Amino acid sequence: MVSVKDIAARCNVSVATVSKALNGYSDISKEKRDYINAVAKEMGYFPNAAAIALKTNRTYNIGILFSDAANNGLTNEHFARVLQGVKEEAESRGYDITFINNHIGARMMTYTEHCRYRGVDGVVIACIDFDAPEIVELVNSGIPVVTIDHVFHNTTSVISDNVKGIKDLVMYAYHMGHRRIAFIHGVDSSVSRDRLASFYRTLEELNVEIPEHYTLVCPYRDTKTSAEMTRKLLEEKEPPSCILYPDDFTAIGGISVIEQKGMRIPEDISVMGYDGNSFARVMEPALTTLAQNSEELGHRAAEQLVYMIEKPKTALVERIVVEGKLFEGHSVKKL
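Below, the structure is looked at part by part. What you see is a predicted model; the values in this text were computed from it and never measured. (Residues numbered from 1 in each chain as written. Predicted model: local features only at pLDDT ≥ 70, side-chain atom pairs only at ≥ 80, totals over all residues. Heavy atoms only, no water.)

### A closer look at the sheet that holds strand β10 (residues 242-244)
Okay, so step 1: Spatial strand order, β9-β8-β10-β11: four strands in an open sheet with parallel pairing. The open sheet is flanked by β9 (215-217) and β11 (270-272), the only strands paired with a single partner. Ignoring which end each strand starts from, the neighbouring axes of this sheet average 20° apart. (Pairing = 2+ DSSP bridges. Helix = DSSP H or I, 4+ residues; strand = E, 2+ residues; numbered from the N terminus. Axes fitted to C-alpha atoms, helices over the stretch in contact; angles between N-to-C directions.)

### Concerning the packing of helix α8 (residues 162-175) against helix α9 (residues 190-205)
Okay, so step 1: Here α8 crosses α9 at 40°, and the two axes come no closer than 8 Å. Classified by the interaxial angle, the pair formed by α8 and α9 is oblique. In terms of crossing hand, the pair formed by α8 and α9 is right-handed. Residues Asn162, Val163, Ile166, Lys167, Val170 and Met171 of α8 form the contact with α9, whose participating residues are Val191, Asp194, Arg195, Ser198, Phe199, Thr202, Leu203 and Glu205.
Okay, so step 2: When grouped by side-chain class, the residues that make up the contact of α8 with α9 number seven nonpolar, three polar and four charged. (Parallel < 35°, antiparallel > 145°, perpendicular 65-115°, else oblique. Left-handed = near helix turned anticlockwise from the far one by under 90°. Contact = heavy atoms within 4.5 Å. Nonpolar A, V, L, I, M, F, W, Y, C, P; charged D, E, K, R; others polar.)

### A few points about the sheet that holds strand β13 (residues 319-322)
Okay, so step 1: The strand order across the open sheet built from six strands is β2-β1-β5-β6-β7-β13, with neighbouring strands paired in parallel fashion. With one partner strand each, in any of the chains shown, β2 (96-99) and β13 form the two edges of the open sheet. Strand-to-strand twist across the sheet, computed as the mean angle between neighbouring axes with direction ignored, equals 20°.
Okay, so step 2: As defined by bridge partners, strand β1 (residues 61-66) adjoins β2 across four bridges and the pair is classed as parallel. For Ile62, the partnering residue across the bridge sits in β2 and is Ile97.

### A few points about the side chain of Ser226
Okay, so step 1: Of note, Ser226 is situated in helix α10 (residues 223-234).
Okay, so step 2: Discounting residues that sit within four places of it in the chain, Ser226 has contacts with Ile184, Cys218, Tyr245, Thr250, Gly253 and Gly254.

Encoded structure:
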């Protein structure tokens, strides 16, 4: 490995001069800086990460805490795109990323301990049980944290506009003539609470009343439960004319039951999803859904985290909202 001493010998200058040139100091001439940097590049020099950490007290490494109850991991297209956004933004700012977990091999440890073990400068937390004691411990640890789709009082959060997203879907169904709109929503979380409140609020604004049994619970990405909930709705004396699912993947379970009963979409019943996954656009018929701006969520989260790391004295706790966009598809009938 090429060292600073090797570059100094090649350029016939002191180690201190090479260090100043590589770090962009202005007390040596531009010509000398350019020459030394050109030689360093030619020799294949890369600064040692450990040495940089000792000098700057920073590792230029961001932790990603990414997990969900169903262990879907990167098979969850929405969060895969969120992660891609984090990765692109972090790398553009000179940071690497490390996945944070609660073990190293067979050795168990808390998320905070793993962050300190890996020496990350900050952490992006996404798709996790935010009420878990280990998460609360990490948020209160003093390590810079940005959360995605959850709000803590003491750290910055980047969230999808779930309120507007559900409102856009309900308004679309309403303008297509639907009044019997059911909502199979996700299990209790800040995202689910915002969506359910927006669902009821929008219907209230439209002077539409629905029976209590039109709102049912289903874990995200759980096609088995969504199938059961859909069957329950279809067996009602007065079934809904349109069903909104918690996500596009879950909608598949409902659609399978609808088809098993010999019903057609949207001729006999209309359906809507949430997320805007790629398969929703190629389904037949294409699924009406709210396309989240997933990569932008990741970009904004990494951007905010880097700012907190590099400018801690001026960083403010913020709540950044990222809007999605309605994809009309062809799964909602005009009544």
